[in-house]
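Structural overview for review
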Amino acid sequence: MGLTKQYLRYVASAVFGLIGSQKGNIVFVTLRGEKGRYVAVPACEHVFIWDLRKGEKILILQGLKQEVTCLCPSPDGLHLAVGYEDGSIRIFSLLSGEGNVTFNGHKAAITSLKYDQLGGRLASGSKDTDIIVWDVINESGLYRLKGHKDAITQALFLREKNLLVSSGKDTVVKWWDLDTQHCFKTMVGHRTEVWGLVLVSEEKRLITGASDSELRAWDIAYLQEIKDLEEPEPKKTKGSSPGIQDTCEAEDGALEVDEAPEDRILTCRKAGSILREGRDRVVNLSTDRTGRMLACHGTDSVLEVFCILSREEIQKKMDKKMKKARKKARLNSGKGEEEDLEVSVEMTLQDEIQRVTNIKTSAKIKSFDLILSPQGELKAVFLLQNNLVELYSLNPSAPAPQPVRTSRVTLGGHRSDVRTLSFSSDNIAVLSAAADSIKIWNRSTLQCIRTMTCEYALCSFFVPGDRQVVIGTKTGRLQLYDLASGTLLETVDAHDGALWSMSLSPDQRGFVTGGADKSVKFWDFELVKDENSTQKRLSVKQTRTLQLDEEVLSVRYSPHQNLLAVSLLDCTVKIFYVDTLKFFLSLYGHKLPVICMDISYDGALIATGSADRNVKIWGLDFGDCHKSLFAHDDSVMYLQFVPKSHLFFTAGKDRKIKQWDADNFEHIQTLEQREAEYEESVAKEDQPAVPGETQGENYFTGKKTIETVKAAERIMEAVELYREETAKMKEHKAICKAAGKEVPLPTNPILMAYGNISPSAYVLEIFKGIKSSELEESLLVLPFSYVPDILRLFNEFIQLGSDVELLCRCLFFLLRIHFGQITSNQMLVPVIEKLKETTISKVSQVRDVIGFNLAGLNYLKRECEAKSEVMFFADATSHLEEKKRKRKKREKLILTLT
């Protein structure tokens, strides 16, 4: 066997120049006990925590390989749920910055994440059209809800009911009963995609946003509450006129009727619509955590803010309306104030949902979040399309609230796409340039140390000595900057069109430029006298011009400075002698223009990358094509050799960076881990189904991943070790009995590493070491041949009373998926009978302990209440609010609707 060639491995180290990526949403987080100061934003595969007051990045939640698509903070403010593009979810601790809980169940990107009121459950929606409810405490999936036909856009828990409401791009809103895990109501009152929904007014009103300029409002009535109050179900919703309701339903094509057969738990009737000022679709629709402030935005830079009035505020407003109506009626009739007139007022949806103001940001809004302080100040934070975070504040109760921008995070990145990158000669500094600015970064700290304004930059390099930089612009100009002062030294009109490429000469005395004006120009550095100073400054001087027949896209010097390669718009690469500018070679074969190219360190090879997605390797001696490689799935945008080697990197529009060997013509690696390909192949395999169950609205929540496969392998290895050690112990006993003396048995090194435990205890340790979120999936892929031994061990463990909760969870799942095989195996019948007796007795003991502890806590609670003469926790407030609500419902308030 011959020796294999080894290559260096490259892994990603850090992300810089990024304030917030566009696929995810921005959220306020509570850190160090402060609210409204810190925000979490997605940053490619990581999550950045920014301090808005200082404009500094204070925490990075490290991701793996997939891009972040959704963020949701927990109600207690201690954790942050992060959804990724591959469908996985991780829960990070904001105190330590570690993500110890991982959920894998979706097959596509996460689009929605929401906690319930207590933070014990998490609902996730995905582009795979499924909703999964996760148990955060037990770190496992509860159930999968299937019913939507397109991507999920939002999923919300109800606070007081065990219900969930969801919206999707399939134009419907679905209500789910989480007790039965089935959809009991589907709302079809939308013609276009439903992009968001919120619950307001004590969850008695649902507001939805679609692809038009309306926000639709729906009144929710819970049938159980109606029965408790012994009131008939109203045919028309309170606070809306029949004319408005009928018109809106006709326009929307709603097919809802008053006595729908699906109204078993609640009724949802349309109450009207609120017209937005924007005419495009709703991108985000959200409320603050109190539910008082409502805001939405479209694809522009305007956020529309509304206020949800309380019952007292609505009554106050209606009293004012009534007073004005009576005064106007008296003036029209000429009667005195002492006479009582019958007047009617109309309560519209606009009386309940009041427009506050619009917030205009400096660029298009990608996402936002709201927080309402106890003092009544509303803070709105925005993640903008131009890599910017802005914070606005306003007072909603003011007569004419004016939003004020109070903070801005801007120094950490460019406002537009980065078009060129360069390293300094000592590799300490990195230059990046975009459409309006140049930034110099410290490579070790990744901090921006200099920002300079420029024209639209296309190419750049550090001048030898690393004290100046040269930028080539889209207008054909050369801009020379001094890094110490951050000033523009000189601007030279180099080309009549875009300056596409520059190449520094190997002797470092000058450089060459190529532009859209079909010319290649040679430049030398020189020192000239500065008018504003006695010292000389650096300048550039044109020496020669090479005129060509086509636009120049790229230029490159050979390392020995004897040849110049020029890429032209006619898909060819011309090679010229530098000294005489005579034509030497023509490299033709690409079907589309060559965008990038580079020459190896010894001048023997030239590699060219084209828009035809191919990379060709040529010899510079005769111009022959050594190899043509299909490199990327889209245009090859950049190519460069590794110094002192024939290895080179390519970057493509397919968002991949690849390394190649120009000698062996091999694809060495794509800049991802080697295990990524195997993980993708595992994830694409068919999901194993649970025997005897149909994949209807809900089924198994897990997904096969590399971690679950490894966990199943660890279980199998542990059972195999248990079998081997058990057989050795039996054989050892027989030998000792035959010899008539005790012979020591050598201990297995694995068991010794775990503290010299028994083989059965080792199996239990393996089960305890598996993540809770991966337990069911690991057992699902476990072959049945290992199940009998596991069941016997479970009986032994449960009798000892160790980890009863974990063992019962594993036991019930194994019985569920292998029920047919277990019941048909006569050898396992006695084992199952013993498990039945043992499990019932041990679970009863655990239940008794929990009940005893609960009774003790209730006793302590009553003792505390008796001593302080106040009700414990929030019970007093909740009881009082419930009494008020029922009393108000019993009162007969007569409102004439016109």
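Reading guide: rules and limits
- Residues numbered from 1 in each chain as written.
- Predicted model: local features only at pLDDT ≥ 70, side-chain atom pairs only at ≥ 80, totals over all residues.
- Heavy atoms only, no water.
- Helix = DSSP H or I, 4+ residues; strand = E, 2+ residues; numbered from the N terminus.
- Buried < 20%, exposed > 50% of the residue type's maximum accessible area, 1.4 Å probe, protein only.
- Contact = heavy atoms within 4.5 Å.
- Areas by Shrake-Rupley, 256 points an atom, 1.4 Å probe, with all protein chains shown as cover.
- Pairing = 2+ DSSP bridges.
- Axes fitted to C-alpha atoms, helices over the stretch in contact; angles between N-to-C directions.
- Polar contact = N/O pair within 3.5 Å; in protein donor to acceptor, adjacent residues only side chain to side chain.
- pLDDT = per-residue confidence, 0-100.
- 1 Å grid on protein atoms, 1.4 Å probe; cavity = no way out; pocket = protein on both sides within 12 Å on 5 of 7 lines; lining within 4 Å.
- Points joined across faces, edges and corners; volume = space filled by probe spheres on them.
- Parallel < 35°, antiparallel > 145°, perpendicular 65-115°, else oblique.
- Nonpolar A, V, L, I, M, F, W, Y, C, P; charged D, E, K, R; others polar.
- Phe/Tyr/Trp six-rings, centres within 6.5 Å; stacked < 30°, edge-to-face > 60°.
- Lys NZ or Arg CZ within 6 Å of the ring centre and 35° of its normal.
- Disulfide = S-S within 2.5 Å.

1. Re the overall build of the protein chain
- Scanning the protein chain from terminus to terminus reveals 14 helices and 52 strands.
- When the 898 residues of the protein chain are sorted by exposure, 49% land in the buried category.
- Counting contacts in the protein chain only where the partners sit at least 6 residues apart, residues at least 24 apart contribute 48% of the total.
- Carbon together with sulfur atoms contributes 52% to the accessible area of the protein chain, which is approximately 45700 Å² in total.

2. Looking at the sheet that holds strand E49 (residues 636–641)
- Reading across the sheet, the four strands line up as E49-E50-E51-E52 and stay open at both edges, with antiparallel pairing between neighbours. Single-partner strands in this sheet number two, and they are E49 and strand E52 (666–670). Strand-to-strand twist of the sheet, defined as the mean angle between neighbouring strand axes without regard to direction, takes the value 25°.
- As judged from the five bridges shared by strand E50 (residues 647–652) and strand E51 (residues 657–661), these two strands associate in the antiparallel manner. Bridge pairing in E51 links Thr-650 to Lys-658.

3. Some remarks on the environment of Thr-580
- For Thr-580, the location among the structural elements is in the loop between strand E43 (573–577) and strand E44 (583–587).
- When the C-alpha atoms of Thr-580 and Asn-562 are compared, they prove to be 9.8 Å apart, with 18 residues separating the residues in sequence.

4. Description of the side chain of Ser-772
- Looking at where Ser-772 falls in the secondary structure, it is placed in the loop between helix H8 (759–769) and helix H9 (775–780).
- Here Ser-772 falls in the buried class, since its relative accessible area comes to 15%.
- Within the structure, Ser-772 has its side chain in polar contact with the backbone oxygen of Glu-139 (distance 3.2 Å).
- When sequence neighbours within four positions are dropped, the list of residues in contact with Ser-772 reads Asn-138, Glu-139, Ser-140 and Arg-809.

5. Regarding the confidence of the model for the protein chain
- For the protein chain, mean pLDDT is 86; residues scoring 70 or higher make up 88% of the total.
- Contacts from residues 691–698, a stretch scored under 50 in pLDDT, to residues over four places away or in other chains number 17 contacts.
- Note that residues 892–898 has pLDDT below 50 and, in this model, eight contacts with residues that lie over four places away or in other chains.

6. As for empty space enclosed by the protein
- Considering all chains together, one arrives at two cavities of 30 Å³ or more under this definition.
- Reported here for the second largest cavity is a volume of approximately 30 Å³.
- In this structure, the second largest cavity is lined by Val-470, Leu-478, Gln-479, Leu-480, Glu-490, Val-492 and Val-540.
- Of all the secondary-structure elements, those providing two or more residues to the lining of the second largest cavity are strand E35 (477–482) and strand E36 (487–493).

7. A look at the packing of helix H6 (residues 706–739) against helix H10 (residues 787–800)
- Orientation of H6 relative to H10, taken along the N-to-C sense of each, is 75°, at an axis distance of 11 Å. By the angle between their axes, H6 is roughly perpendicular relative to H10. Side by side, H6 and H10 meet where Ile-715, Val-719, Tyr-722 and Arg-723 of the first sit next to Asp-789, Ile-790 and Leu-793 of the second.
- For the contact of H6 with H10, the residue count by class is five nonpolar, no polar and two charged.

8. Re the sheet that holds strand E17 (residues 196–200)
- Ordered by their spatial adjacency, four strands build an open sheet running E17-E18-E19-E20, and the pairing between neighbours is antiparallel. The sheet is open, and its two edges are formed by E17 and strand E20 (266–275), each paired on a single side. Neighbour-to-neighbour, the strand axes of the sheet open up by a mean angle of 25°, direction not taken into account.
- Taken together, the five bridges between strand E18 (residues 205–209) and strand E19 (residues 214–222) define a ladder with antiparallel strand orientation.

9. A word on the packing of aromatic side chains
- Inspection of the entire model under this criterion finds 13 aromatic pairs.
- Taken together, a centroid distance of 4.6 Å and an interplanar angle of 15° make the contact between Phe-103 and Trp-134 stacked. Highlighted residues: Phe-103 in strand E8 (residues 99–104) and Trp-134 in strand E11 (residues 130–135), separated in sequence by 31 residues. With respect to class, Phe-103 is no different from Trp-134; both count as buried.
- Note on Phe-382 and Tyr-392: the rings are 5.7 Å apart at their centroids and 85° apart in plane angle, and the pair reads as edge-to-face. Highlighted residues: Phe-382 in strand E26 (residues 378–384) and Tyr-392 in strand E27 (residues 388–394), separated in sequence by ten residues. Per residue, the accessibility class of Phe-382 equals that of Tyr-392, and both read buried.
- It is Arg-281 that lies over the ring of Trp-195; its NZ or CZ is 3.8 Å from the centre.

10. Observations concerning the environment of Gly-55
- Summarising the element assignment, Gly-55 is placed in the loop between strand E3 (46–51) and strand E4 (56–61).
- On the accessibility criterion, Gly-55 (33% relative accessible area) is partly exposed.
- Between the C-alpha atom of Gly-55 and that of Thr-410, which follows or precedes it by 355 residues, the distance is 8.0 Å.
- Setting aside anything within four residues of it in sequence, one finds Gly-55 in contact with Trp-50 and Val-409.

11. Brief notes about the state of the cysteines
- In this structure the tally under the stated criterion is zero disulfides.
- Considering cysteine sulfurs only, Cys-810 is the nearest to Cys-808, which forms no disulfide, with 9.4 Å between them.

12. Side note on unusual backbone geometry
- Non-glycine residue Arg-32 carries a positive phi angle of around 55°.
- Tracing the sequence through the fold places Arg-32 in the loop between strand E1 (27–31) and strand E2 (34–43).

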